[in-house]
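# Inside the fold
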Amino acid sequence: MDISRLVEEAFFAKKAAYAPYSGFKVGAALLAASGRVFHGCNVENASYGLSVCAERVAVFNAVSAGERCFKAIAVVSDSEEYCRPCGACRQVISEFGSDILIVMADNKGNFEVKKISELLPYSFTLA
């Protein structure tokens, strides 16, 4: 799948975001090695610690569907800045491989691509 198409999928996912507290809606689209795309959006909660990021929702959706191998994840928001995964999301993504591409886009669809190992060089691992 083309990276631009994955970004479009993330913008589609962002439409479902539930962000009544921050107003900061985020969407993610995760490309599995099988070719399937899994969507995620942020879901906020009045007890802020119970909120969950779009990236983790996408990963958890994929894992619950039996996927374990991923190629890339695109992350978008309404910001003029590139939308970058938080530390918790970086750790969750890195659980499934150090070569996963992280596509960070702005609100116009411009993007930057890095490997998860570049964003989180010293991740916790099973080893």
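Predicted model, so just to flag it, every value in this text is computed and none were measured.

## Topic: the overall build of the protein chain
- Secondary structure summary: the protein chain contains four helices and five strands in total.
- Secondary structure elements of the protein chain occur, N-terminal to C-terminal, as α-β-β-α-β-α-β-β-α.
- Computed over C-alpha atoms, the radius of gyration of the protein chain comes to 13 Å, within 12% of the 14 Å expected from 2.2 N^0.38 for 127 residues, which places it in the range of a compact globule.
- Dimensions of the protein chain, computed from C-alpha atoms along their principal axes, come out at roughly 40 × 30 × 30 Å.

## With respect to a nonpolar patch on the surface
- On the surface, Tyr18, Tyr21, Val43 and Tyr48 cluster together into a nonpolar patch covering about 450 Å² of accessible area.
- With respect to the helices and strands, the residue Tyr48 is situated in the loop between strand 2 (37–41) and helix 2 (54–64).
- Residue classification places Tyr48 among the exposed residues on the basis of a relative accessible area of 60%.

## Topic: the pattern of salt bridges
- Evaluated as defined, the whole model comprises six salt bridges.
- Glu9 is the partner of Arg5 in a salt bridge, and the nearest nitrogen-oxygen pair spans 3.0 Å. Here Arg5 pairs with Glu9, and both are found in helix 1 (residues 3–14), just four residues apart, close to one helical turn.
- With a shortest N-O distance of 2.6 Å, Asp78 and Lys14 are connected by a salt bridge. Taken together, the residues Asp78 in the loop between strand 3 (70–77) and helix 3 (87–94) and Lys14 in helix 1 connect sequence positions 64 residues apart.

## Examining the sheet that holds strand 4 (residues 101–105)
- With respect to topology, five strands assemble into an open sheet ordered 2-1-3-4-5, the strand pairing being mixed. Edge strands, defined here as strands with exactly one partner in the open sheet, are strand 2 and strand 5 (111–115). In this sheet, neighbouring strand axes are inclined to one another by 20° on average, regardless of whether the strands run parallel or antiparallel.
- Alignment of strand 4 against strand 5, held across five bridges, turns out to be antiparallel. Bridge pairing in strand 5 links Val103 to Val113.

## What to know about the environment of Val103
- Within the secondary structure, Val103 is located in strand 4.
- Residues Val103 and Arg56 lie 47 residues apart in sequence; the distance between their C-alpha atoms is 15 Å.

## Some remarks on helix 1
- A rise of 1.5 Å per residue sets the reference length of helix 1, with its 12 residues, at 16 Å; its end C-alpha atoms lie 17 Å apart and thus fit the reference within 8%.
- Three or more residues of helix 1 are buried, namely Leu6, Val7, Glu9, Ala10, Ala13 and Lys14. Here the buried residues of helix 1 occupy an arc of 155° about the axis, which is enough to place them on one side.
- Buried positions along helix 1 lie against strand 1 (26–32), strand 2, strand 3, strand 4 and strand 5.
- Where helix 1 begins, the capping side chain belongs to Asp2, and its oxygen is found 2.9 Å from the backbone nitrogen of Ser4.

## Some details on the pairing of strand 3
- Extensive coverage of strand 3 is indicated by the burial of seven of its eight residues.
- Where strand 1 meets strand 3, seven bridges bridge the pair, whose relative direction is antiparallel. Considered in strand 3, the bridge of Gly27 is made with Val76.
- Where strand 3 lies against strand 4, four bridges are found, and the strand directions are parallel. Across the sheet, Ala74 pairs through a bridge with Val103, a residue of strand 4.
- For the crossover from strand 3 across helix 3 to strand 4, the handedness is right-handed.

Criteria and thresholds
- Residues numbered from 1 in each chain as written.
- Predicted model: local features only at pLDDT ≥ 70, side-chain atom pairs only at ≥ 80, totals over all residues.
- Heavy atoms only, no water.
- Helix = DSSP H or I, 4+ residues; strand = E, 2+ residues; numbered from the N terminus.
- Rg over C-alpha atoms; globule rule 2.2 N^0.38 Å.
- Patch = residues over 30% accessible without salt bridge, like charges linked within 9 Å, V, L, I, M, F, W, Y side chains within 5 Å.
- Areas by Shrake-Rupley, 256 points an atom, 1.4 Å probe, with all protein chains shown as cover.
- Salt bridge = Lys/Arg side-chain N within 4 Å of Asp/Glu carboxyl O.
- Buried < 20%, exposed > 50% of the residue type's maximum accessible area, 1.4 Å probe, protein only.
- Pairing = 2+ DSSP bridges.
- Axes fitted to C-alpha atoms, helices over the stretch in contact; angles between N-to-C directions.
- Expected span 1.5 Å × (residues − 1).
- Arc of directions from axis to C-beta.
- Contact = heavy atoms within 4.5 Å.
- Polar contact = N/O pair within 3.5 Å; in protein donor to acceptor, adjacent residues only side chain to side chain.
- Right-handed = clockwise from strand over helix to strand, strands pointing away.

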